[in-house]
Structure formats: structure tokens, C-alpha cells
Amino acid sequence: MTAPITLWTKAPHAGYFINSVAISADGSRIAAGTFFHDYSSSAKSAELATLRRISSTAAAEQSQYGVFGTYVWDNAGNALLTKTFNGWQGVYWVDLSADGETVASGGWYQGDPTYDGFFAAYDIASQSELLMYNPPKRGNMVRLNANGTVLVAGADQGYLFVRAPGGSFAAPVAIPLTNSSDQVLVALIDAAGSTGLIVSYYGEVIVFVQSGGVINQQQSWQVPNSAYVHAGALASDGSYAYVGANDGNLYALRIADFLSDPAPAWSAAIPGGARTIYGVTCSADGSMIGVAGNVSSGGGVVALYANKYNAGALYWQSTTTQSPNGLSMDASGTYLGAADGHSSSGDFTLWQPLFNLQLWTYATSEMCWPIAIAATAAYVAAGSDDSNVYLFQGPAA
């Protein structure tokens, strides 16, 4: 195992967290956002990093106002876009279209008394704003299709935004949840922009098919065992989706079958006694799946499954010394990366699972949540609560 080659680090705002990063398919562009949450009333944990609940004291409320931003760089470290705003807590999630031309972000916008969230999107070349929308809760996730003309987002419900090439996003199509107190933590769209996945914290799973902003098919299913859900993945080709729940199970959805009979194709219990699952990722065709879960004794398990024989075949597993949070995989499913951390330190780790190789680990001084491997595996982007965005040379460079 060797140390990673660090191409650059960026600290957009000292003292703020990098809660999300994104990378274009070829790794030529990297996006991140700045976020801040006051942990003074509770211990710092992966659970709070996911939900980042509203703080309970007036002092904590005021401390979370600031200037937050959405940022894009090229892989040489040159700044391509900076969009900032005065608001509360800031950018929780970012995404880049696969072609690297469009960036989207979401998070909190305003604190007491309204607690509005936001979804935003920008054309990188022209710097023009394509979307600014304020849902009544935090924008938890945004995801663009390959050419940046379809955006799926999650907050109090699912949102579908569509635009014509060269135009701005139209008003959203709502994808409501059954429980009004629930919130969407997973919002995904395939590369073509036709098949989408919405998953709520309370385990409501919605699959839909859209064309031109009209939802033509939609089915839903409830995760069993009253399990909560933090993570999911959708194959780029729209063939399979995966949901990780805090009952310790990974659920696989074969999309074509789910749309006629909404039920999982198979499920698998994560090894090592892992329960709460914060990381789920898959290859572009859905044939390989990475999943990461926390174990009660501390640390966690990272596992690789193959989608075969109408079941999940466990191919590989490893452990992390701290709680695994974000997870990412290249398009072919050859490489798997994890960001981990709890309380006061974290790590980024890259494996080549089928060869049982840990390629490298990079330690940071604060908890790490996001990691993103380019589809080509030429670059790896990551972010930490140490305020830094990192770009590493990928194994396929």
C-alpha cells in the first residue's frame, strides 16, 4: 500500500465543513459546497452529519449564519465557478452532470422562523443561474442526469426539474411522501434522465419514469422492519437500484420488475453485524454494489456484492477503524472508496476489492463524509470537516 498522490487541496472557507463533493465522469471538474452545523449541544457523529438537525439554543442558531458557497474547479486546481449567499448552515449537497457542464447544490437557506431550504443549479461556462428554489425543509440531495437537463432533488418530498438545452429549469413536479413529517434523503436520476429513485428517511421507496417533466410510471414500496434509510444508489443505465437500511439489510430493486410488482429482487444482510448503512454505491450497469455499515462496537464494515443469480453474492469485505460514511465506485465497479470518521478525525480509503487490495489511506484531522471517484477512475475527489476539498490521482490515471 502506498500513499495517494495528492494533486491539490482547497479550503473555500476556513472553519466550515465540506459535506459533499462531486466529480465529472472524466474527472476534469470537481464541485464542493461549504456547510456549518453547531455541535455544541450534542456529540459530533455520523448520525448528526446525515440529519444535521436544527440546533436547540439561540446562540447555536446565530452561530450558523454565514456566507456559504457552491464551488467548481478543474483538475489543475483552477477556479471555474464560485456562487455564494448569506444564509444559514449552507450547502449540504452538490452534484455535477457527467459532462461537467452543469452544477447543482442544495441545503439550508434560512433559519428561524421559516427554516427554508434551497436547490440551485448553474451553467459553469456562462456562470448563469439555471435554478433557485426554496423548499420548506433542507435540500438533502440533488442529482443531475448526464447532460444536466434533468434534476431530481429531495427535501420534504421529491422534486423533479426539467429544462431544455440552453434554458433554465421549469417549475418542479412534486413527488409527495406518504408521511408529511418524513423527508427525502435519497434522490437519484439515471444518465438518460428518464428513471428516478426517491427514498425517505422512514423507508418509503419510490421509483418513477418521466419524459419531458411528465411522470408516466410510478411505484412505491415500504422498507420492512420499521427501518430508517440514509443511503441508496441507482445504476447509471437505470436498470437497478439499491437501498441500505438500518435493519442491516441491502435491498436490490430490478427496475423493470419493480414498476409492475413493487418489491425487492433480493436482499442481503451486511456482514460483520453492521446495522446503520450510510454508504451505498454501484457500477454503471448495477452489476457491482458497494455498501458500508456501522457496527455497535465502533468502526464499520465495507463490502462488495455482485448482482448475480437473482441474489447478492458477497465477493469481498473489509473493516474501517471509524464509522464509514460516504462511499463511491467507478463506472466499471473495479475500485471502491470510503470516507470515514467520528468526532475528531477521519480517513479516505481506496480499495481494489476483487484483488483484495487496499491501495491507500489518507488521514485527516476531522470527520470525513464525502468521496467521489470519477467514472473513469482517473481522479478521486473528497471532502472533510477540516474545511478542505481534496483531489487525488486515481488508480487509472
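Each remark here, short or long, concerns the structure printed above.
Because the structure is a prediction, the values reported are computed rather than measured.

Okay, the pairing of strand E7 (residues 102-108) next. Most of E7 sits inside the fold, with seven of its seven residues counted as buried. Strand direction decides the pairing type here: strand E6 (residues 91-96) and E7, joined by five bridges, are antiparallel. The partner of aspartate 95 across the bridge, within E7, is alanine 104. Between E6 and E7, which pair antiparallel one after the other, the connecting turn spans five residues, and glycine 100 there sits at a positive phi close to 75 degrees.

Let's shift gears to the sheet that holds strand E13 (residues 173-175). One open sheet accounts for four strands, arranged E10-E11-E12-E13; its pairing is antiparallel. Only two strands of the sheet have a single neighbouring strand rather than two, namely strand E10 (141-144) and E13. Mean inter-strand twist for the sheet, computed between neighbouring axes without regard to direction, equals 20 degrees. For E10 and strand E11 (residues 150-154), the ladder comprises four bridges, and the chain directions are antiparallel. Note on E11: the bridge partner recorded for arginine 143 is valine 152.

Here we take up the sheet that holds strand E3 (residues 29-33). In spatial order, the strands read E2-E3-E4-E5; together these four strands make up an open sheet with antiparallel pairing. Both edges of this open sheet fall to strand E2 (21-23) and strand E5 (79-88), since each of them pairs with a single strand only. Strand-to-strand twist in this sheet, taken as the mean axis angle between neighbours without regard to direction, amounts to 15 degrees.

In this section: the environment of alanine 191. With respect to the helices and strands, the residue alanine 191 is situated in the loop between strand E14 (184-189) and strand E15 (195-200). Assessed through its relative accessible area of 33%, alanine 191 is described here as partly exposed. Separated by 34 residues in the primary sequence, alanine 191 and glutamine 157 place their C-alpha atoms 22 Å from one another. Not counting chain neighbours up to four residues away, the residues in contact with alanine 191 comprise Asn145, Ala146 and Ser236.

Another aspect to go through is the packing of aromatic side chains. Here a ring pair, both rings aromatic, is described through the centre-centre distance and the interplanar angle of the planes. Applying the stated criterion to the full structure yields 35 aromatic pairs. Centre to centre, the rings of phenylalanine 85 and phenylalanine 118 are 5.1 Å apart; their planes meet at 65 degrees, and the pair counts as edge-to-face. Within this pair, whereas phenylalanine 85 is found in strand E5, its partner phenylalanine 118 is found in strand E8 (residues 117-123), the two being separated by 33 residues in sequence. With a centroid separation of 5.6 Å and an interplanar angle of 70 degrees, the aromatic rings of tyrosine 133 and phenylalanine 161 are classed as edge-to-face. Of the two residues, tyrosine 133 is situated in strand E9 (residues 129-133) and phenylalanine 161 in strand E12 (residues 158-162); the sequence distance between them amounts to 28 residues. Pairwise contacts between aromatic rings join Tyr16, Phe17, Phe36, Phe68, Phe85, Tyr109 and Phe118 into one cluster. For the cation-ring pair, lysine 10 lies above tryptophan 8, with the distance from its terminal atom to the ring centre recorded as 5.7 Å. Between arginine 163 and the ring centre of phenylalanine 169, over which it is positioned, the NZ or CZ distance is 5.4 Å.

What counts, and at which threshold
- Residues numbered from 1 in each chain as written.
- Predicted model: local features only at pLDDT ≥ 70, side-chain atom pairs only at ≥ 80, totals over all residues.
- Heavy atoms only, no water.
- Buried < 20%, exposed > 50% of the residue type's maximum accessible area, 1.4 Å probe, protein only.
- Helix = DSSP H or I, 4+ residues; strand = E, 2+ residues; numbered from the N terminus.
- Pairing = 2+ DSSP bridges.
- Axes fitted to C-alpha atoms, helices over the stretch in contact; angles between N-to-C directions.
- Contact = heavy atoms within 4.5 Å.
- Phe/Tyr/Trp six-rings, centres within 6.5 Å; stacked < 30°, edge-to-face > 60°.
- Lys NZ or Arg CZ within 6 Å of the ring centre and 35° of its normal.

So, to be careful, I would describe these as geometric facts and stop short of saying anything about function.
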